[in-house]
Amino acid sequence: MLPAQKSLAFSLKNDLLTSTLLGCSSEQKGLKKQNFRSRLLAILNLATIYQWVFFMMTFPGQALGQNYDEQKVPVYKLPDPLRAESGQKIDSADAWTHRRKEILNSFKREVYGKKPAQPLEPEYTVTEDWTPALDGKAERKQVAISMGRNGSTATINVLLYRPVDCEQAAPVFVGLNFIGNASINPDPAIGLHTNWTIGSEDEGVIDHRATVASRGKKKSRWPLAHIIERGYAVATAHCGDIDPDFDDGFKNGIHPLFADGHSAAQAEETWGTIGAWSWGLSRILDYLEQESEIDHTRAAVIGHSRLGKTALWAGAQDKRFAVVISNNSGCGGAALSRRQFGETVQAINMNFPHWFCTNFKKYNQREDELPVDQHMLVSLIAPRPVYVASATEDLWADPKGEFLSLLYADPVYKMLGTPGLPVDRMPDPDQPVQGTMGYHLRSGSHDITLYDWTQYLDFTDRHFRGTQSR
Ligand code: GTR
């Protein structure tokens, strides 16, 4: 029994006891009966309300009645990425340049918000220069990117690995991590961050602070030895360095650096946390442009879940990311919003009010009114290679909706002269498909595993090295 139910059952029992024990006349008895009935009804109503509130607080998404039944997916009509707002059909790369701007602006205005235009001059401080790591197979470096403006400062601490057996500068995976750089490998030389972080006690996070017990706790999500062995570098930073993942009205992270000069209308379009995180990924790439051991022209931006949404938005805006990889990114990532399968626009805006811009809330239960859908986010990456991955048990992220985004972005890839997606039907579990667009549905739960990374490495090999293992 839920606690609210328990106390209500107790007061109901007391009420029954009280009326049974009190002796009274028949008139009084009639009145008492009426009173008792209305009190009982009031209590029951209250009980329902309490239960509902309790349930909403504990399982907000589920309380909204999320759909997991394919038969109940509403009939929807997607906006056409190859039709301009003027109605003009887009059939050339030139015309696409214009259409792409329209789509990008819609995503900025209505979904993720606009990043600030004010320039920054970051300072780079090497906190650890290239040092042997991973049994001598790699070298590790740590760099602090510090930025100041408007009386505030923020620092993104970047952790880099590069393979030592590498004749040229190495291609690189650039991605944020959830609970800190130290969580991706147990080496005590990795700086332990002091920012607010999500994470549980099991993961070594206490009161939202990473402790030494967090070291290596997320190493399965970053199979460094495997990545290094395949000849790739890694650049990662804690997402909380850019913006801690809670709704504080954007008072911490990098938001205060740009908090000057917004009109009320602009505020509706101001970037949320996902916008800030994706901006941070571009700042890491700025640094990589001057890092001679790493080939910034072969950078794949990658992310899992909320950070997969972030990788897509970073790749959509910043064409310097040569490959874009989204792992189990779901609603607000690769999944089509109009399908309303699993997590919906309303659920995500309710549970994470800080992730998107204020305008996005207008589309709670009004997905059909969105000027875009997520296949258009994928299309913004064209003609660059993009990979989307789902997991069979991750229905909350709507695997089918994630695949369909690729499928419906495919005409843009084809129009731009790439082979696009090599299939027109969702492949079976564990049957990856790779062209300019790649997809797989891994058996298992919401996570990023060695299996996922192996497909991504095959995909980047194909595009960065011209090898085709699939
Ligand atoms: C969930 C959220 C998803 C996804 C996930 C994650 O709670 O509803 O959109 O981002 O978190 O990031 O692990």
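It should be emphasised that the depicted structure is a prediction, and the values quoted were computed from it without experimental measurement.

Calculation criteria
Residues numbered from 1 in each chain as written. Predicted model: local features only at pLDDT ≥ 70, side-chain atom pairs only at ≥ 80, totals over all residues. Heavy atoms only, no water. Axes fitted to C-alpha atoms, helices over the stretch in contact; angles between N-to-C directions. Helix = DSSP H or I, 4+ residues; strand = E, 2+ residues; numbered from the N terminus. Parallel < 35°, antiparallel > 145°, perpendicular 65-115°, else oblique. Left-handed = near helix turned anticlockwise from the far one by under 90°. Contact = heavy atoms within 4.5 Å. Nonpolar A, V, L, I, M, F, W, Y, C, P; charged D, E, K, R; others polar. Salt bridge = Lys/Arg side-chain N within 4 Å of Asp/Glu carboxyl O. Buried < 20%, exposed > 50% of the residue type's maximum accessible area, 1.4 Å probe, protein only. Pairing = 2+ DSSP bridges. Core = buried A, V, L, I, M, F, W, Y, C linked by side-chain atoms within 4.5 Å. pLDDT = per-residue confidence, 0-100.

Undergrad: I'm lost on the packing of helix α8 (residues 273–288) against helix α9 (residues 306–317) in this one. Help?
TA: A pair of packed helices is captured by two measures, namely the crossing angle of their axes and the spacing between those axes. One can describe the packing of α8 onto α9 by two numbers: an axis separation of 8 Å at closest approach and a directional angle of 60°. By the angle between their directions, the pair α8 and α9 is classed as oblique. For the element pair α8 and α9, the recorded crossing hand is right-handed. Two secondary-structure elements touch here, α8 through Ile274, Gly275, Trp277, Ser278 and Leu281 and α9 through Arg306, Leu307, Lys309, Thr310, Ala311, Trp313, Ala314 and Gln317. Of the residues assigned to the contact of α8 with α9, the class counts are seven nonpolar, four polar and two charged.

Undergrad: In this structure, what is going on with the pattern of salt bridges? I would like to understand it.
TA: Charged atoms that come close allow side chains of opposite charge to pair. Considering all chains together, one arrives at 29 salt bridges under this definition. In this structure, the salt-bridge partner of arginine 298 is aspartate 295, at a minimum N-O distance of 2.7 Å. Each member of the pair, arginine 298 as well as aspartate 295, is classed as buried. Between aspartate 398 and arginine 339 there is a salt bridge whose closest N-O contact spans 2.9 Å. Highlighted residues: aspartate 398 in the loop between β10 (386–391) and α12 (399–415) and arginine 339 in the loop between β9 (323–327) and α10 (345–351), separated in sequence by 59 residues. What makes aspartate 398 buried here is its relative accessible area of 2%. Judged by its relative accessible area of 2%, arginine 339 falls in the buried class. Connected through salt bridges with shared partners, the residues Arg283, Asp286, Glu289, Asp318 and Arg320 form a single ionic network.

Undergrad: Teacher, can you tell me more about the sheet that holds strand β7 (residues 233–238) here?
TA: Whenever strands of a sheet pair, they do so through backbone hydrogen bonds, lying parallel or antiparallel. If you trace the 10 strands from one edge of the open sheet to the other, you get β1-β2-β3-β7-β4-β8-β9-β10-β12-β11, paired in mixed fashion. Unpaired on one side and paired on the other, β1 (123–133) and β11 (433–434) mark the two borders of the sheet. Two strands pair when backbone bridges link them, and β9 and β10 are joined in this way by four bridges, in the parallel orientation. Bridging from a neighbouring strand, valine 324 pairs with valine 386 of β10. Contacts from α8 reach β1, β2 (138–149), β3 (152–163), β4 (170–177), β7 and β8 (294–304) within the one sheet, and its direction differs from that of β4 by about 150°. The sheet contacts of α9 involve β4, β8, β9 and β10, and relative to β8 the element is tilted by about 140°.

Undergrad: What is the right way to look at the nonpolar core in this model?
TA: Generally speaking, nonpolar side chains in soluble globular proteins are found buried as a group. Counting residues in each nonpolar core, the largest one holds 87 residues, and the members touching the most others are Phe107, Ile284 and Leu288. If we ignore the near neighbours within four places in the chain, the residues touching leucine 288 are Leu160, Val172, Val174, Ala235, Ile294 and His296. By size, the runner-up hydrophobic cluster in this structure holds 27 residues, among which are Leu159, Ile228, Ile302 and Ala322.

Undergrad: Explanation requested: the confidence of the model for the protein chain in the structure shown.
TA: In low-pLDDT regions, the fine details of the predicted coordinates are not to be read closely. Summing up the model confidence of the protein chain, the mean pLDDT is 88 and the portion of residues at 70 or higher is 84%. When the elements of the protein chain are averaged for pLDDT, helix α1 (residues 3–21) gives the smallest value, 30, and helix α11 (residues 374–379) the largest, 99. Predicted confidence is poor over residues 1–34, with pLDDT under 50, and the contacts of this stretch with residues over four places away or in other chains come to 18 contacts. Across residues 48–62, where pLDDT falls below 50, the model places 16 contacts with residues more than four positions away in sequence or in other chains.

Undergrad: Teacher, can you tell me more about the environment of leucine 407 here?
TA: With respect to the helices and strands, the residue leucine 407 is situated in helix α12. In the structure, leucine 407 is positioned 16 residues away from valine 423 in sequence and 8.3 Å away in space, judged by C-alpha atoms. Excluding residues within four positions of it along the chain, leucine 407 makes contact with Leu421, Val423 and Asp424.

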